Amino acid sequence: PSPPPPPPPPPPASAVATQPLIQSPRKVVEPFPASESEAAVGAPSHMVMVNWLLNEEPLTAVDELALNVLDHLLMGTTTAPLYKAMLDSGLGAALMGSGLSDELKQATFSVGLKGVKAEDVPKVEKLALDTLSSVATSGFEADAIEASLNTVEFSLREMNTGGFPKGLAFMLGLMPRWIYRDGESPTDALRFEAPLATLKERLASGEKVFEGLLQRFILENQHRTTVELTPDATLGAKLQAAEEEELAAAKAKMSEEQLQEVIAATKALKEAQLKEDSEEDLATIPRVGMADLERKVRTVPTDVEQLPNGATLLTHPLPTAGVVYADVLLDLSGLPLEELPLVPLFSRLLLETGTSSMDAVTLQRRIGARTGGVEATIFSQQPVTADGSVSDPLAAVHKLMVRAKATSDKASAMLDLVHEVLSDAKLDTQSKVVEILKESKSQMESRFISSGNAYAAMRLSSRNSLLGYIQESCSGVTYYETLKQMLDTAQNDWPSLLERLTKLRSTVLSQNGLVINLTADPDALAKSRPVVDEFVAKLPPSPAANAHATPTPWREAVELTPREDEAYAITTQVNYVAAGCRLFEPGTSANMGAYSVVARYLNRGYLWDNVRVVGGAYGGGCAFNPTSGGFAFSSYRDPNLKNTLDIYAASGKVLQEAEISDAALEQAIVGAVGDLDQPLTPDQKGLRALTHHLTGQTTENRQKYRDEMLATTREHFKEFGELLSKAELRVAVFGSEEAIKKANEALADKPMVVKKLG
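Residues numbered from 1 in each chain as written. Predicted model: local features only at pLDDT ≥ 70, side-chain atom pairs only at ≥ 80, totals over all residues. Heavy atoms only, no water.

*Asks:* Sorry if this is basic, but what is going on with the packing of helix 21 (residues 592-614) against helix 24 (residues 662-676) here?
*Replies:* A pair of packed helices is captured by two measures, namely the crossing angle of their axes and the spacing between those axes. Their axes nearest at 9 Å, the elements helix 21 and helix 24 cross at an angle of 105°. Classified by the angle their axes make, helix 21 and helix 24 are roughly perpendicular. On helix 24, the residues that touch Val 597, Arg 600 and Tyr 601 of helix 21 are Ala 668, Ile 669, Gly 671, Ala 672 and Asp 675. Classifying every residue of the contact of helix 21 with helix 24 gives five nonpolar, one polar and two charged. (Axes fitted to C-alpha atoms, helices over the stretch in contact; angles between N-to-C directions. Helix = DSSP H or I, 4+ residues; strand = E, 2+ residues; numbered from the N terminus. Parallel < 35°, antiparallel > 145°, perpendicular 65-115°, else oblique. Contact = heavy atoms within 4.5 Å. Nonpolar A, V, L, I, M, F, W, Y, C, P; charged D, E, K, R; others polar.)

As structure tokens, then:
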């Protein structure tokens, strides 16, 4: 008889081992690629972060929750003691480290600074340790604990995941227990009522819960690493040379036969990457079909009421579990166009400086204790036309927006806080303004390297519309230059900057042009109505006497960014490659719904396969805006530049020659319509309805757009391809100097204009 088959191999060891806590702190120093100016002697370009590994044994549910509250107490607001001490020290330009991270098997805590001088590096670690020690000794005040505990509890109960699917959020929440804790139910991670009740009981008994956690997990914990990154202007070139040398050495050792094998394997890999899945394989995947789609657009119930002196109230009766969501919008059209870049600074000052009756700490704690959060932001949208044609490029809706939320019994306190920060925020805080501007400048310098695609897209948009120009002037490369000018003024001519901030508030703070947007349960809306009247009555009917005089209309004052191919050289080994155009001129009526289906198909198919899968970029795609008629390609962390531009240029031909099966056409339509029907939280529904109201978007136009999507045919793919083939794409790139140089050599007849930041 034949011998028995061998036993199956044991399953691979997949358990994640526990890292034992070390018993003495460690220091790590590493270089990072930097520009010549960053690496200059005396330049504040070092980065320092202090890190702790908190636990060996799994955290109890109570400790896990309490550590999240402790994290908020230390780092959750700009006035939290650790956050404030780090920035107020002047040792660095911006904060590094996000505090607590507990999504892995063992939790960590990190804090640090970037933009540090070499001689100040040791001071950063000492400051962090001294601050934490001082906090543990002095303890947390009762109102600080109340604010942080309420903030964490509100977040747990609301479970507002924004645009992120809630089911995935739940899954990610339970994942650590599922992966790392045998014998426990993963869903225990979602059950917070019992640990929350226990935590509250311990606090009510007088126990110093958070001081004890701080002492046990951080101050007495010697598993601490301090990591310093030092700027090195030669490192980028060294890494590039080392890589080229390694590849050359490997090639030199290969025979001609081996080289041909690599070439053949590479060719086969690309063919496999670009090969379409067979209809038989695709048929095995469950999918939504046309029959499953809703034919009518979804609407949000909206009541519009005109209030005195040009104010407007929008209300949306929706189930919100007792939470009132409020958006308060102030009209910015009374500001001169050149003053709009001041608004981002003004919006931060509203919530970070305190008022005449509350210092910044008290304000933040009151917001934490009485609301689920208050934030100041900018509402910026392109108006739509009545007939759905391409809109006027020189029209824009641009407003200052304060968003707040609270339980219905605290709606009055919430709006009182909103009124107080709008009307009485302390603008005369030079040190805070300087701190904010330094931090903003440092953050932008980091984002140029990590998110250059966003800045390239803004450069493209600023060439085609007033809205794009405003957004780029207030958050793009142009704004970066303005930031540096404002910082100089704040340090050397503070009275003039203060006067501008004061004048800005006097101009925008009035009932004229005010919009209030409320989303809540019907009963909560009815109870909030008198509160709204009180809020509006406290605002001046019209701008104050020291407001700006009526400015030149923005559409007349604007000079759009010149349409030129440009490339910004940054210290990076990857590129962000954008190209775009105005595909449809203002007033054009076209089948925008069908063309949006085609653009999505191009995005998820050809561009995904060629820019990302084969090209090696972390991301790549395109975006079509049916309101403005604009179209843009972009790539993210892309090792290529010229090759990516060639892929963009071939897109039109690809669409014209595409052989699209019935199944592929159906899935293209289903995917595009699915994007329209993504689940929305109540506050998102309220914001969407507000956007429709302010931009003039009608249900009829939205239905027309949806009907066009549902009626998409193969002919629309060819039409859109023809339009793309005829379009003159303009380029905006953020990338390495070497990559830009090589691309320009290949673009000898039409090179990009090379620019540098700062």
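*Asks:* For this particular structure, what's the right way to read a nonpolar patch on the surface?
*Replies:* A surface patch of nonpolar side chains, amounting to about 340 Å² of accessible area, comprises Phe 164, Leu 168, Met 171 and Leu 172. Residue Leu 168 is classed as partly exposed on the basis of its relative accessible area, which comes to 39%. (Patch = residues over 30% accessible without salt bridge, like charges linked within 9 Å, V, L, I, M, F, W, Y side chains within 5 Å. Areas by Shrake-Rupley, 256 points an atom, 1.4 Å probe, with all protein chains shown as cover. Salt bridge = Lys/Arg side-chain N within 4 Å of Asp/Glu carboxyl O. Buried < 20%, exposed > 50% of the residue type's maximum accessible area, 1.4 Å probe, protein only.)

*Asks:* Would you take a moment to explain the pattern of salt bridges for this structure?
*Replies:* Two side chains that carry opposite charge are able to pair once their charged atoms sit near each other. Summed over all chains, the structure comprises 48 salt bridges. Ionic pairing is found between Lys 755 and Glu 566, a salt bridge with its closest N-O pair at 2.6 Å. Placement of the pair is Lys 755 in strand 17 (residues 753-756) and Glu 566 in strand 12 (residues 566-569), with a sequence separation of 189 residues. Its relative accessible area of 1% is what places Glu 566 among the buried residues. Via salt bridges that share partners, Arg 459, Arg 463, Glu 472, Glu 564, Glu 566 and Lys 755 belong to a single interconnected network.

*Asks:* I keep staring at the sheet that holds strand 7 (residues 312-317) and nothing clicks. Help me out?
*Replies:* Strand pairing in a sheet is mediated by backbone hydrogen bonds. Such pairs are either parallel or antiparallel. Overall, mixed pairing links the six strands, which are arranged 6-7-11-8-10-9 in an open sheet. The two strands at the open ends of the sheet, each matched to only one other strand, are strand 6 (303-306) and strand 9 (373-381). Direction aside, the axes of adjacent strands within the sheet are offset by 20° on average. As paired elements, strand 7 and strand 11 (residues 515-520) share six bridges and run parallel to each other. Residue pairing for strand 11: Pro 317 is matched across the bridge by Ala 520. Sheet strands in contact with helix 4 (residues 142-158) are strand 8 (323-331) and strand 10 (397-407), and its direction is about 95° off that of strand 10. Across the sheet, helix 13 (residues 411-424) is in contact with strand 8 and strand 10; its angle to strand 8 comes to roughly 25°. (Pairing = 2+ DSSP bridges.)

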